[in-house]
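Letter by letter, the chains look like this.
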Amino acid sequence: MNRTKIEWCDYTWNPIVGCKRGCPYCYARKIHNRFNPSIPFEKITRFEDRLSQPLTLRKLSRIFVGSMSDIEYWTSMDMYKVLNIVKARPQHTFLFLTKNGEVYNRQEFPNNCWLGVTSVNGKYKFVIKKENRHNIKFLSIEPLLMKWTGLWLSSQIDWIIIGGLSPKPVHKKEWIDSMCKEADRLKIPIFIKQNTNYPKIRQEFPVNTSTPKE
């Protein structure tokens, strides 16, 4: 588990590494290939020794689970092992993220899990088990590659993250302006990462649910 520069969390936790999706802008593949060139990123690799890492963390934290993977490619046993650790540390907030929102219909998540979907094309879908209806659900638009138009916000969304394509910033300020307007209309908190070069600092969290950051 590592301290991270990702602005909306404190740590990343990667007991499982690898993704088969092949997105051309994937930052995780670049990091993986830099430090593990002999292991294909498309191979889903499990690190059993990392599973217990959150158990030693005392300070209340937001933990991004699987920043070097997509939980779509995890087995039910993978999720079972990870969620057992999550349940053992209810004081922390564990954030999950996938491009396939249907994976959240596979099992029940503890209430200290935030369930996120990444989308870059204006389309996304959550399929949520009724047992997970109380979990925070969020939309990560990173990288922002286009203008989102129409009624793109679902009533299920509790939080929005917007990020740029590093190292190239977002040059279309009006794209983010329109997203902020829609989020404000629906009273949804929005977190704009610094790599967008957006002139207004706006980094909000869901009300009364964020873990304190120092």
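Read on for an overview of the structure. (Residues numbered from 1 in each chain as written. Predicted model: local features only at pLDDT ≥ 70, side-chain atom pairs only at ≥ 80, totals over all residues. Heavy atoms only, no water.)

## Brief notes about the overall build of the protein
Across its full length, the protein carries 3 helices and 10 strands. Starting at the N terminus, the α and β elements of the protein follow one another as β-β-β-α-β-β-α-β-β-β-β-α-β. In terms of overall dimensions, the protein has a C-alpha envelope of 45 × 40 × 35 Å along the principal axes. Sorting the 214 residues of the protein into buried and exposed places 50% on the buried side. Nonlocal contacts in the protein, meaning residues at least 24 apart in sequence, comprise 61% of its contacts between residues at least 6 apart. (Helix = DSSP H or I, 4+ residues; strand = E, 2+ residues; numbered from the N terminus. Buried < 20%, exposed > 50% of the residue type's maximum accessible area, 1.4 Å probe, protein only. Contact = heavy atoms within 4.5 Å.)

## A look at the pattern of salt bridges
Within the structure shown, the criterion is met by 12 salt bridges. The salt bridge partner of R46 is D78, with a shortest N-O separation of 2.7 Å. Placement of R46 in strand 4 (residues 45-46) and of D78 in helix 2 (residues 76-88) is noted, with a sequence separation of 32 residues between them. One network of salt bridges, in which partners are shared, links R21, D70 and E72. (Salt bridge = Lys/Arg side-chain N within 4 Å of Asp/Glu carboxyl O.)

## Topic: the side chain of Q107
Structurally, Q107 is set in the loop between strand 6 (93-98) and strand 7 (113-118). Judged by relative accessible area, which is 17%, Q107 ranks as buried. Setting aside residues up to four positions removed in sequence, Q107 forms contacts with M79, L83, K129 and N132.

## Digging into the nonpolar core
Membership of the largest hydrophobic core comes to 43 residues, with the highest contact counts inside it found for W13, F96, Y104 and I160. Counting residues in each nonpolar core, the second largest holds 13 residues, with I6, I136, F138 and F205 among its members. (Core = buried A, V, L, I, M, F, W, Y, C linked by side-chain atoms within 4.5 Å.)

## Digging into a nonpolar patch on the surface
A surface patch of nonpolar side chains, about 320 Å² in accessible area, is lined by Y27, I31 and F35. Turning to its location among the elements, Y27 is positioned in helix 1 (residues 27-35). (Patch = residues over 30% accessible without salt bridge, like charges linked within 9 Å, V, L, I, M, F, W, Y side chains within 5 Å. Areas by Shrake-Rupley, 256 points an atom, 1.4 Å probe, with all protein chains shown as cover.)

## Describing the pairing of strand 8 (residues 136-141)
Of all 6 residues in strand 8, 6 are buried; the element is thus mostly enclosed. Alternating positions in strand 8 separate into two faces, I136, F138 and S140 on one and K137, L139 and I141 on the other, with burial throughout. Alignment of strand 7 against strand 8, held across 5 bridges, turns out to be parallel. Note that in strand 8 the partner of W114 across the bridge is I136. Strand direction decides the pairing type here: strand 8 and strand 9 (residues 159-162), joined by 4 bridges, are parallel. For L139, the partnering residue across the bridge sits in strand 9 and is I160. (Pairing = 2+ DSSP bridges.)

## With respect to the pairing of strand 6
Taking burial as the measure, the 6 residues of strand 6 include 6 buried ones, the bulk of the element. Neither face of strand 6 is exposed, since T93, L95 and L97 on one face and F94, F96 and T98 on the opposite face are all buried. Across 3 bridges, the pairing between strand 5 (residues 62-65) and strand 6 is parallel. Directly across from F64, in strand 6, lies its bridge partner L95. In this fold, the crossover linking strand 5 to strand 6 by way of helix 2 has right-handed handedness. (Right-handed = clockwise from strand over helix to strand, strands pointing away.)

## Re the environment of N100
Mapped onto the elements of the fold, N100 is located in the loop between strand 6 and strand 7. What makes N100 buried here is its relative accessible area of 19%. Sequence spacing of N100 and I136 is 36 residues, and the spatial spacing of their C-alpha atoms is 17 Å. Not counting chain neighbours up to four residues away, the residues in contact with N100 comprise R21, E72 and R106.

## Re the packing of aromatic side chains
Aromatic rings considered in pairs are described by the distance between their centres and by the relative angle of their planes. Enumeration over the complete set of coordinates arrives at 13 aromatic pairs. Measuring from ring centre to ring centre gives 5.6 Å for Y104 and F109, while their planes differ by 70 degrees; the resulting arrangement is edge-to-face. Judged by relative accessible area, Y104 falls into the buried class, the value being 0%. In this structure F109 comes out as buried when scored by relative accessible area, which is 2%. Taken together, the ring pairs connect W8, F64, W114, F138, W159, F191 and F205 into an aromatic cluster. Over the ring of F47 we find R50, and its NZ or CZ is 3.8 Å from the ring centre. The ring of F205 carries the charged tip of R62 above its face, separated from the ring centre by 3.7 Å. (Phe/Tyr/Trp six-rings, centres within 6.5 Å; stacked < 30°, edge-to-face > 60°. Lys NZ or Arg CZ within 6 Å of the ring centre and 35° of its normal.)

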